[in-house]
Each structure stands twice: as structure tokens, then as C-alpha cells.
Amino acid sequence: MNPSDIRILITGGARGIGAATARLLAGEGAHVLVTDVLDDEGGALADSLGPKVRYTRLDVTDPGAWAAAVALAQEAFGGLNALFNNAGILAFGSVTDTTIEDFRRVQDINVTGVFLGMQACAPAMRAAGGGAIVNNSSTAGLQGYAGIAAYVASKWAVRGLTKAAALDLARDGIRVVSLHPGPIRTPMTENIPDETAAGQPLPRFGEPDEVAAMVRFLLCEATYSTGTEFVIDGGATVGRLEPVTAD
Ligand code: NAD
């Protein structure tokens, strides 16, 4: 897909990785529907990116809001051929100290939101002759992490749902892939110290622009990929730099 042919809905697009992706794609001529629950930030971003970019409120847990957003994209852009299911939240807590409310809220936004997004957008993408969906998982969808049990569960679910959708939507010409960022400097990670990334092969947090570049690649270039994982983590899941030593 040529970037200027993209007609995309981005969830959680008001800031962080979603906003960086909106900026990159808009800069290459794409039509972008920025959606979020942060109306001031989302509206200001869309206004700053020109007439091909719109903002609308979309709580990803609300099926009615999904239907309205897809209808807006079709009316404003003449169709929809791409979706970045990016909205997500992080909640701290181990398996034993995560509340049921926190657990359910994380699954509702991170998993049900992705499910509803694909369900709402697939018919429009089918009508457009196909397209591509990028579901934002995490390295927490590839391995375990202590202290964020609900988040880990949700991101593995996004990875699994991506594989199911890739099979279900293949005959419609819709590719579906999962994205697995490691630590990225965004508002979500503002209280997580730099040292968290110190032992990685690339010992720093990534930038939202670096993730946006991979989303662009997945939408525009990865024409022989569907159902699979794309990792952008500074090597975090490869291992730690410290050598194994013996006493
Ligand atoms: P962020 O907090 O800056 O952005 C997340 C956005 O999602 C926010 O704008 C927020 O308002 C929105 N959002 C939250 N609940 C919503 C809802 N119910 N409906 C619609 N929008 C909602 O964080 P980010 O780092 O840019 O995160 C984007 C995605 O990347 C998330 O899915 C996150 O889990 C994933 N991710 C982030 C990192 C990281 O280190 N930052 C690493 C791996 C994966």
C-alpha cells in the first residue's frame, strides 16, 4: 500500500505511539482518523496535521462508538483500508495483588477493544478491497514480567487474537499482524526509570517515532506477512548484556 493511499483509523492516537504514527503517516499523505478518549490532545493533534486528518472520540470498549467512528471514516475518507489497534493501559500488580476490577478493566481496553476494532472495521476494509491491521501487543505478549499480571495476560491475548483474525480475514485480503514493542518513552512509561533498559543490547528506551516507522513498514511494505509477530525492543527479549559467570 502506498502511504498516500492509506485511510486509517488509529486508536489511542492522541499521544505516545499512536500520535507518532499519525504524524508519520499524515506527513506522507495518508488519511488518518485519530481517535482517543483524550479529546483536547487528539483534537489539537488532528488540527495540526492538515485537512486529511480528523479526530473523533472513541472509547475502544464501546461498540456503538466503534460503529460511529467507522461511519465517520467512510464518510470523510471514502473508505477504510487500515487499522492501528493501539489504545492500551498498564496496571501494576502481581497475580496475587491485582484486583478483579483492575484485571477486568485491562482486559476490556487492551483485548476487547482490539476485538471490537477488528469486528467494526473488517466489513469496511472488505468493501475497500482489503487492507492491513496492526494490533499493538508488547514484549509482554512474548514473555512474562513480574508485577504486571493483568497487562501480560492482555498482551498475550492480543497476540492470539491476531492469529485468529489473520486466518478469518485472509480471504478478504486483510492482513493482520501483532506489534511487540519493548520499553518506549511515552506517557505510559513516564515513571519507569531509564535503568530498566540498561541491560538490553541497545541499552535505552525506544522512541515513539521508531515504533511509528515499523507500523508504516507493516502497513506499506510487509505484503507477505500476516498473523505473525514484529518485535521492536532494543533486543530486550534476546537476553541481557551481563555475561554468565561462575564463582
Ligand atoms: P500512552 O498512554 O501514551 O497512549 C495510550 C493511549 O490510549 C492514550 O492516549 C490513552 O488515552 C488511550 N486510551 C486509554 N484507554 C482508552 C480507551 N478506553 N479508549 C480509547 N483510548 C484509550 O501509551 P503508549 O506507550 O503510546 O501506548 C500505546 C500502546 O503501546 C499500548 O497498547 C501499550 O500497551 C503499547 N505498548 C507500549 C509500550 C511502552 O513502553 N510505552 C511498550 C509495549 C507496548
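Please refer to the structure placed before this passage.
Residues numbered from 1 in each chain as written. Predicted model: local features only at pLDDT ≥ 70, side-chain atom pairs only at ≥ 80, totals over all residues. Heavy atoms only, no water.

A. Region of the structure containing the nonpolar core. One finds Ile8, Val32, Leu179 and Leu219 to be the most contacted residues of the largest nonpolar core, which totals 31 residues. Ranked by the residues each element gives to this core, the list is headed by helix H6 (residues 208-220), at 6 residues. Here leucine 219 is in contact with Met1, Ile6, Ile8, Leu25, Ala82, Ala132, Val134 and Arg175, once residues within four sequence places are set aside. Formed by 29 residues, the second largest nonpolar core is a distinct cluster that contains Leu9, Val60, Phe77 and Met118. (Core = buried A, V, L, I, M, F, W, Y, C linked by side-chain atoms within 4.5 Å. Buried < 20%, exposed > 50% of the residue type's maximum accessible area, 1.4 Å probe, protein only. Helix = DSSP H or I, 4+ residues; strand = E, 2+ residues; numbered from the N terminus. Contact = heavy atoms within 4.5 Å.)

B. Examining the packing of helix H1 (residues 16-27) against H6 more closely. Packing of H1 against H6 leaves a shortest axis separation of 8 Å and a crossing angle of 60 degrees. In terms of orientation, H1 lies oblique with respect to H6. The way H1 lies across H6 gives a crossing that is right-handed. In contact with Gly16, Ile17, Ala20, Thr21, Leu24 and Leu25 of H1, H6 contributes Pro208, Asp209, Val211, Ala212, Ala213, Val215, Arg216 and Leu219. (Axes fitted to C-alpha atoms, helices over the stretch in contact; angles between N-to-C directions. Parallel < 35°, antiparallel > 145°, perpendicular 65-115°, else oblique. Left-handed = near helix turned anticlockwise from the far one by under 90°.)

C. Local environment of the sheet that holds strand E5 (residues 131-136). Pairing within the open sheet is parallel, and its 7 strands lie in the order E3-E2-E1-E4-E5-E6-E7. The open sheet has two edge strands, strand E3 (53-57) and strand E7 (229-232), and neither has a second partner. When the angles between neighbouring strand axes are averaged without regard to direction, this sheet yields 20 degrees. Across 4 bridges, strand E4 (residues 82-85) lies against E5 in parallel orientation. (Pairing = 2+ DSSP bridges.)

D. Representation of the pattern of salt bridges within the structure. Enumeration over the complete set of coordinates arrives at 9 salt bridges. Between arginine 204 and glutamate 210 there is a salt bridge, and its shortest N-O distance comes to 2.8 Å. Glutamate 221 is paired through a salt bridge with arginine 216; the nearest N and O atoms lie 3.3 Å apart. Connected through shared salt-bridge partners, Glu28, Arg216 and Glu221 make up one network. (Salt bridge = Lys/Arg side-chain N within 4 Å of Asp/Glu carboxyl O.)

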